[in-house]
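For reference, the chains in residue letters:
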2 protein chains.
Amino acid sequence: MRAALDTVREDGLAAASARTIAARAEVNQALIFYHFQTVSGLLEAASNRAVDESVAHYREAFAGSESLTDLLGVGRALHDRERRNGNVALMAQLMSGARQDPVLARASHYAVSAWTDEIAVALDRLLATSPVADLVDSAGLADAVAAGFIGLELYDGVDPDGASRALETLGSLAQLIDVVDGLGPVARRALRTQLGAASRPNRSRR
Amino acid sequence: MRAALDTVREDGLAAASARTIAARAEVNQALIFYHFQTVSGLLEAASNRAVDESVAHYREAFAGSESLTDLLGVGRALHDRERRNGNVALMAQLMSGARQDPVLARASHYAVSAWTDEIAVALDRLLATSPVADLVDSAGLADAVAAGFIGLELYDGVDPDGASRALETLGSLAQLIDVVDGLGPVARRALRTQLGAASRPNRSRR
DNA sequence: GTCTATAAGATGATAGAC
DNA sequence: GTCTATCATCTTATAGAC
């Protein structure tokens, strides 16, 4: 399983054949089919296990965050770490293969849900007392963040300068949320009125 | 070239072999190597041509936009159209293949740059008179938007509900930019002070 | 469980007829 | 320019020895 993930991380999904994976693991190619039926089956089992481990590794940090700024910090550390260890690249490869392979689609869904569920719980808790809750849906924000990570990873492979520019810009936009989060009650009401005026048909008014 | 792109759009990069493409075009497989040397060479030529056409199709709309709200509307229409016709999926596939194939990397870079250059020009023009210019870099924002499109496309293949939630949430965040864009001079100054306080070490102070 | 051997087929790419 | 034919190599997957 380790060899399978390392192959995808380093050489991409296209290079992840039974033979190349087996060679890296220094075992015979036939063993993959004996234990996992198909190559995709191996990738799914390996990915699920790795995701469970990674998510568990961040559970405490998520639960311990006490403000959106805290959570943003955890998110940055997470992104940095998971990117460096190649897990973001791994996910991007699995997701691009998911289009044609239902087993990879299931594995990708599992991975994405594991992360976003965890993030959404933390967001829900922290947004409860914040005016930002009026602006965004926690599950939607978690999904957007996850999709952004994947997109940035692919972008980075094609235009590294562009990717870091994008990341920096998103950082300054996140500050905007931060400022709104810290707003006093008067400013909150003013903002809410402004947002109401800016044509938003999709939220019921209390 | 049309057959090549349709194959990637519909069946993914992994299915885009010389034989499958040639079969779709109802020509002989050897012709691909005669005209384009390699399969990647064909994909690059086809992608470059398609990108040039698509970008040209939106040039007027970009140039004609007179506010950030306008531009956001153009962006939404663009995303909707390019997603429906499969061009976003195509890009995501090329970018995921770019990791291992330098020709696909070059093609992806060309495509991404063609779009972001166009968007950045429009943003530069519109941000000139807006307080948002203090917040974000136009090139960085263009990159972030492009990366977001790609990420959302992959996400959509794995969790369609999550992808639409994410898109909706991003829409409500965009409204925040909209509100800041419409701020009067007093509110602008207040916001700028708030942002200054929110620890931002990466921008020189005038 | 791990191996060898092998089947059955797909792939990129080229040579050469027309 | 387009084709047929072909090579060498890779692929997933299985049968069967140990």
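See above for the structure.
Rules of the game
- Residues numbered from 1 in each chain as written.
- Chains lettered and ligands numbered in written order.
- Predicted model: local features only at pLDDT ≥ 70, side-chain atom pairs only at ≥ 80, totals over all residues.
- Heavy atoms only, no water.
- Salt bridge = Lys/Arg side-chain N within 4 Å of Asp/Glu carboxyl O.
- Helix = DSSP H or I, 4+ residues; strand = E, 2+ residues; numbered from the N terminus.
- Buried < 20%, exposed > 50% of the residue type's maximum accessible area, 1.4 Å probe, protein only.
- Near = heavy atom within 4 Å.
- Polar contact = N/O pair within 3.5 Å; in protein donor to acceptor, adjacent residues only side chain to side chain.
- Contact = heavy atoms within 4.5 Å.
- Buried area = accessible area lost by both parts, 1.4 Å probe.

Participant: What am I meant to see in the pattern of salt bridges here?
Facilitator: Opposite charge on two side chains allows them to pair when their charged atoms are near. Tallied over the entire structure, the rule returns 22 salt bridges over all chains. Residue Arg84(A) is joined to Asp80(A) by a salt bridge in which the shortest nitrogen-to-oxygen separation is 3.0 Å. Of this pair, Arg84(A) and Asp80(A) both sit in helix 5 (residues 68–84), separated by four residues, roughly a single helical turn. A residue is classified by how much of its surface remains accessible, and Arg84(A), at 68% relative accessible area, is exposed. Salt-bridge contacts for Arg99(A) lead to Glu153(B); the nearest nitrogen and oxygen are separated by 3.5 Å. Of the two residues, Arg99(A) is situated in the loop between helix 6 (87–97) and helix 7 (102–127) and Glu153(B) in helix 8 (residues 138–158); the pairing between them involves two chains. Among the residues examined, Arg99(A) registers a relative accessible area of 36% and is labelled partly exposed. Take Glu153(B): its relative accessible area is 9%, and that puts it in the buried class. Connected via shared salt-bridge partners are Arg83(A), Glu153(A), Asp156(A) and Arg99(B).

Participant: Explain the protein's contact with DNA strand D to me, please; I cannot follow it from the model alone.
Facilitator: Neighbouring DNA strand D are 15 residues; Ser17(A), Arg19(A), Phe33(A), Asn28(B) and His35(B) lie closest to it. Sugar plus phosphate: this is where 52% of the atoms of DNA strand D within 4 Å of the protein reside. Elements supplying a minimum of two residues to the surface near DNA strand D: helix 2 (18–25) and helix 3 (30–36) of chain A together with helix 3 (30–36) of chain B. Considering every element that reaches the surface near DNA strand D, the biggest residue donor is helix 3 of chain B, with four residues.

Participant: How should the protein's contact with DNA strand C be read in this particular structure?
Facilitator: Close contacts around DNA strand C come from 15 residues, with Asn28(A), Ser17(B), Ala18(B), Gln29(B) and Phe33(B) the closest. When atoms of DNA strand C within 4 Å of the protein are sorted by moiety, sugar and phosphate together comprise 52%. Asn28(A) places a polar main-chain atom, nitrogen or oxygen, 2.7 Å from a phosphate oxygen of DNA strand C. Ser17(B) has a polar side-chain atom sitting 3.0 Å from a phosphate oxygen of DNA strand C. For the surface near DNA strand C, the secondary-structure elements that each account for two or more residues are helix 3 of chain A together with helix 2 (18–25) and helix 3 of chain B. Ranked by the residues each element gives to the surface near DNA strand C, the list is headed by helix 3 of chain A, at four residues.

Participant: What exactly am I supposed to notice about the interface of chain B and chain A here?
Facilitator: By a widespread convention, an interface's size corresponds to the accessible area lost as its parts come together. The interface of chain B with chain A comprises 56 residues on the first partner and 56 residues on the second. Counting the surface lost from both chain B and chain A, the interface buries some 4,600 Å², and carbon and sulfur atoms represent 65% of this. When the area that chain B buries against chain A is broken down by residue, the three leading residues are Arg99(B), Tyr155(B) and Val158(B), summing to 15%. Taken together, the links from chain B to chain A amount to four salt bridges. We note a salt bridge from Asp143(B) to Arg165(A), for which the minimum N-O separation is 2.7 Å.

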